[in-house]
Amino acid sequence: MQQEKQHRRDTVTVKGMVVPRQWDEQFRVTEVLIACKDEREILVENFKSLPNLLSLSRAEAVFTGVVRKERGVESMVVESFTPVENNIPG
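Residues numbered from 1 in each chain as written. Predicted model: local features only at pLDDT ≥ 70, side-chain atom pairs only at ≥ 80, totals over all residues. Heavy atoms only, no water.

Novice: Quick one: what's the story with the environment of Val 66, residue by residue and with numbers?
Specialist: Looking at the element boundaries, Val 66 is found in strand β4 (residues 61-70). Note: C-alpha distance between Val 66 and Val 78 (12 residues apart in sequence) is 6.8 Å. (Helix = DSSP H or I, 4+ residues; strand = E, 2+ residues; numbered from the N terminus.)

Novice: Give me the nonpolar core: which residues, what numbers.
Specialist: The nonpolar side chains of a soluble globular protein tend to be buried with one another. Among the nonpolar cores identified, the biggest contains 16 residues, and Val 14, Ile 34, Val 44, Leu 53, Phe 63, Met 76 and Val 78 are the most heavily contacted of them. Elements that contribute at least two residues to this core include exactly β1 (9-23), β2 (29-36), β3 (41-44), β4 and β5 (73-83). Beyond its immediate stretch of four places on either side in the chain, Phe 63 contacts Val 12, Thr 13, Val 14, Gly 16, Val 18, Ile 34, Leu 53, Leu 56, Met 76, Val 78, Ser 80 and Phe 81. (Core = buried A, V, L, I, M, F, W, Y, C linked by side-chain atoms within 4.5 Å. Buried < 20%, exposed > 50% of the residue type's maximum accessible area, 1.4 Å probe, protein only. Contact = heavy atoms within 4.5 Å.)

Novice: Please set out the pattern of salt bridges residue by residue, giving values where relevant.
Specialist: Inspection of the entire model under this criterion finds 7 salt bridges. Close ionic contact of Glu 70 with Arg 68 constitutes a salt bridge, the shortest N to O distance being 3.1 Å. One network of salt bridges, with partners in common, ties together Glu 45, Arg 68, Glu 70 and Arg 71. (Salt bridge = Lys/Arg side-chain N within 4 Å of Asp/Glu carboxyl O.)

What follows is the structure, given as structure tokens:
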């Protein structure tokens, strides 16, 4: 069996930002990625059921969910997410 077709399921927590990946004919976002600082990109499988994720496109957040890796592409079913508060001194 080829290793890159291997299915691996793990619950993980990652920190990153939501980045639009695909749009429809009316320029509505239909797919998003979680972009992490280490250049890791994770496709959000359940974006249609969590459209408010798009509000995090310019803010860092912590995402928890089940990750699957298939043919070198990571994807996540997001179970929860929390925006990160930026504590910048005034």
